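Overview (structure and organization)
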Amino acid sequence: MSNLSLKEQLKALSLGDSPSNEQSDPKNKKKMTPAPQNNGKKTQQKPAWLEQAQYGVELLKAYFPNCFRELKDTRPLKIGIKQDLVKHLSTCDDIVIADKACMVNSLSYYVNSVAYHKSMTEGTMRIDLEGKDAGPVTAEEAGYSTECRKAKLQKKTARA
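Keep in mind it's a predicted model, so treat the numbers as computed, not measured.

1. Some points on the overall build of the protein
Each helix and strand counted, the protein has 7 helices and 2 strands in total. Listing the helices and strands of the protein from first to last along the sequence gives α-α-α-α-α-α-β-β-α. Counting across all 160 residues of the protein, residues that qualify as buried make up 28%. Put simply, 56% of the contacts in the protein that link residues at least 6 apart link residues at least 24 apart. For the protein, the accessible area works out to roughly 11,900 Å², and carbon and sulfur atoms hold 54% of it.

2. As for the side chain of S106
Position of S106 relative to the elements: it lies in helix 5 (residues 97-111). The contacts of S106, once residues within four sequence positions are left out, are Q52, A53, G56 and V57.

3. Things to note about helix 7 (residues 139-159)
Here helix 7 contains 21 residues, and its C-alpha end-to-end distance of 31 Å stays within 8% of the 30 Å for a straight helix at 1.5 Å per residue. For helix 7, every residue scored as buried is listed here: A142, S145 and C148. The arc that holds the buried residues of helix 7, viewed along the axis, is 120°, so those residues lie on one side. Exposed residues pointing more than 90 degrees away from the buried face of helix 7 are listed as E140, Y144, Q154, T157 and A158. Structurally, helix 7 contributes buried residues whose contacts are with helix 6 (114-119).

4. Examining the packing of aromatic side chains
Scanning the model with the defined rule gives 3 aromatic pairs in all. Ring geometry for F68 and Y110: centres 5.0 Å apart, planes at 75°, overall edge-to-face. Linking F68 in the loop between helix 3 (48-63) and helix 4 (81-90) with Y110 in helix 5, this pair joins segments that are 42 residues apart in sequence. Exposure class is identical for F68 and Y110. Each is buried. Among the aromatic residues, ring-to-ring pairing joins F64, F68, Y110 and Y116 into one connected group.

5. Remarks on the packing of helix 4 against helix 5
Packing of helix 4 against helix 5 leaves a shortest axis separation of 10 Å and a crossing angle of 175°. When the interaxial angle is binned, helix 4 and helix 5 end up roughly antiparallel. Here helix 4 contributes I81, K82, L85, V86 and L89 to the contact with helix 5, which in turn contributes K100, M103, V104 and L107. Counted by class, the contact of helix 4 with helix 5 contains 7 nonpolar, no polar and 2 charged residues.

Rules and cut-offs
Residues numbered from 1 in each chain as written. Predicted model: local features only at pLDDT ≥ 70, side-chain atom pairs only at ≥ 80, totals over all residues. Heavy atoms only, no water. Helix = DSSP H or I, 4+ residues; strand = E, 2+ residues; numbered from the N terminus. Buried < 20%, exposed > 50% of the residue type's maximum accessible area, 1.4 Å probe, protein only. Contact = heavy atoms within 4.5 Å. Areas by Shrake-Rupley, 256 points an atom, 1.4 Å probe, with all protein chains shown as cover. Expected span 1.5 Å × (residues − 1). Arc of directions from axis to C-beta. Phe/Tyr/Trp six-rings, centres within 6.5 Å; stacked < 30°, edge-to-face > 60°. Axes fitted to C-alpha atoms, helices over the stretch in contact; angles between N-to-C directions. Parallel < 35°, antiparallel > 145°, perpendicular 65-115°, else oblique. Nonpolar A, V, L, I, M, F, W, Y, C, P; charged D, E, K, R; others polar.

Printed below as a string of structure tokens:
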């Protein structure tokens, strides 16, 4: 087994060289070309919390496909869905505890996305974990969601 980290091994594979050949063969003098950059733009690594939140959302989509969907197909969720999620996950023995916690924590990331706020229009039916209707979105809820979306957009434009 190689002493290289998984990240280094994947990088070596993507460049077409195996880590063992690169180190053991002194005659191997291939010039390695760096991966292309984003047209001169700096690439930022995602913060750990964001990667964790996105992983949790992917888990939610995998375990509850009728409820959690792709951004373009997002629907408002039932009020109290977090409690339903916790109750349901407590009965699942096939999911590790860390993934259960990740899903519950990622729920707030999901419902605070711009796509989710766009789906919150008056009269739209909310859905439960199984994708069944769970009551309509009220005018007050839709207005609050619109304000949240505007605030997110203003914050984003202020950063740029």
